[in-house]
Amino acid sequence: MRTMQLRHLATITNSNVDKLTDPDEVPVRLCNYVDVYKNDRITDDMAFMVASATQTEIKKFGLKVGDVIITKDSEDRSDIAVPAYVSETAPDLVCGYHLALLRGRPQLMSGGFLFWALQSKQAREAFSIAAGGVTRFGLTLDGMKSVVLPCPDRETQKAIADFLDFETARIDQLIEKRSQFAELVHERRLAMVSAAIVGATTDAAPWLGKLPDGWKAERAKVHFRESQQRSETGEEELLTVSHITGVTKRSEKDVNMFLAESNEGYKLVEPDDLVINTMWAWMGAMGVSSNRGLISPSYGIYRPVSEALRPNFVDLMVRSKPFIAEATRRSKGIHSSRLRLYPDAFLDMLLPIPPIEKQDELLSDLGRRFEKEDQLLLKNRRADELLREFRAALITAAVTGQIDVTTWAKQGQTDRRLGQIEEDMSVREARA
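Since we're looking at a predicted model, the values are computed, not measured. (Residues numbered from 1 in each chain as written. Predicted model: local features only at pLDDT ≥ 70, side-chain atom pairs only at ≥ 80, totals over all residues. Heavy atoms only, no water.)

Glancing now at the pairing of strand 3 (residues 26-31). Here strand 3 runs beside strand 5 (residues 49-53); their pairing, made up of five bridges, is antiparallel. Note that in strand 5 the partner of R29 across the bridge is V50. As paired elements, strand 3 and strand 9 (residues 93-95) share three bridges and run parallel to each other. By the bridge assignment for strand 9, L30 is matched with V94. (Pairing = 2+ DSSP bridges. Helix = DSSP H or I, 4+ residues; strand = E, 2+ residues; numbered from the N terminus.)

Another aspect to go through is the environment of D35. Position of D35 relative to the elements: it lies in helix 2 (residues 33-37). D35 sits in the buried class, given a relative accessible area of 15%. Each C-alpha atom of the pair D35 and W408 lies 32 Å from the other, and the pair is 373 residues apart in sequence. Leave out the neighbours within four places in its chain, and D35 touches L30, I42, M46 and F48. (Buried < 20%, exposed > 50% of the residue type's maximum accessible area, 1.4 Å probe, protein only. Contact = heavy atoms within 4.5 Å.)

Quick look at the sheet that holds strand 6 (residues 68-71) now. As summarised here, the arrangement of the five strands in space is 2-10-6-8-4, forming an open sheet in which the pairing is mixed. Pairing within the sheet leaves two strands with one partner each, and these edge strands are strand 2 (10-14) and strand 4 (41-42). Pairing of strand 4 with strand 8 (residues 83-86) involves two bridges; the strand directions are parallel. Across the sheet, residue I42 finds its bridge partner in strand 8, namely V86.

It is the contact of helix 7 (residues 154-198) with helix 11 (residues 356-399), at a shortest axis distance of 10 Å, that shows an interaxial angle of 170 degrees. Taken together, the axes of helix 7 and helix 11 lie roughly antiparallel to each other. Of the residues contributing to the contact of helix 7 with helix 11, the split by class is 24 nonpolar, two polar and 12 charged. (Axes fitted to C-alpha atoms, helices over the stretch in contact; angles between N-to-C directions. Parallel < 35°, antiparallel > 145°, perpendicular 65-115°, else oblique. Nonpolar A, V, L, I, M, F, W, Y, C, P; charged D, E, K, R; others polar.)

Right, let's get into the nonpolar core. In globular proteins that are soluble, nonpolar side chains generally tend to be buried together. With 48 residues, the main nonpolar core has L6, I70, L102, L114, F127, L149 and L164 as its most contacted residues. Element by element, the count of residues in this core is highest for helix 11, at eight residues. The contacts of L164, once residues within four sequence positions are left out, are W116, A169, L394, I395, A398 and V399. With 35 residues, the next largest nonpolar core counts W207, M286, V314 and F370 among its residues. (Core = buried A, V, L, I, M, F, W, Y, C linked by side-chain atoms within 4.5 Å.)

This is the structure in structure tokens:
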């Protein structure tokens, strides 16, 4: 199969359309970085940001069916040039900043095949090498143009693109099932925690009704103080907060948002500090840190000032559904996406304070009950990894001509591989 540099296969333009709205410009819907990063297909019904652009920008960066958009900046050089195929468009839909617009040359390259070719192992490695930077990486126009891609005839391109559209859709359905299974296990764990800590298993249950004998209900301000300690150098470990995993090291998470130029002035987090994402508390983005590190200045850091609460008990409590519901009720804002849990509101909240020995008993019991869920999640995660590895290998093999897509489909090769993965996984949703 012949290969050619991307410069000969497609026109490439870097968008400079920003997210601002200028009353002297034309209103448009902007296809942004996250829209491309998180979606294989760009369709007209997606929730795009409203912005504005000049007539010249609309003509130059307006999206057409068959276009391919790629991300040209990243914090990870191996996670750059992520493509999305434009399958639907409209006159007001425009490619935004931090993206490059690729349009296949009609006689040489179809957009459908280009989308898949950009995901081959060879292309991914070439873009990674071409990306320049130290903490942030970016692709220059020349760097993108120099990447070499396979270029079969147009009939073969269509056959390969059709094959991958069909086969990867089947794989993606199984990946989605793995995601749903993980969410089911997470929901069951939340129910266990809620029942153990506040005796509630539903979102509608009141926060801190009648507590068991020996338990106290005390304001958070009795046990926590807000900390404003700041980093002088910004060199400490950067942390992140999730409603699923609580407080973890950012380096251990798959996060695609850009880092600030400097972490100087970020808030310092000490082990056992309670960290609350002020803007996302209503989603449950909070938890107790087991690490020393840094967090955004906009987050709330609450340092324990008593020994009445085990850190692990606090971590489970603040991420339980009843607590999150109460935190949401106390948050301020015009609508849900703008709610903020301010320090005075959190510190005024009543917290359940069981005797220390009861906390230890609850944590031990929950730990034993979580063991089964942890095993299920481990197997589920491995199945997800195998599916993604197979998907990537299949794309590379198809676009580079390593497999004959017509005979592969007739022989049921995908069915056999997917069956093997499901068998190796040995996770049965009926057990959940």
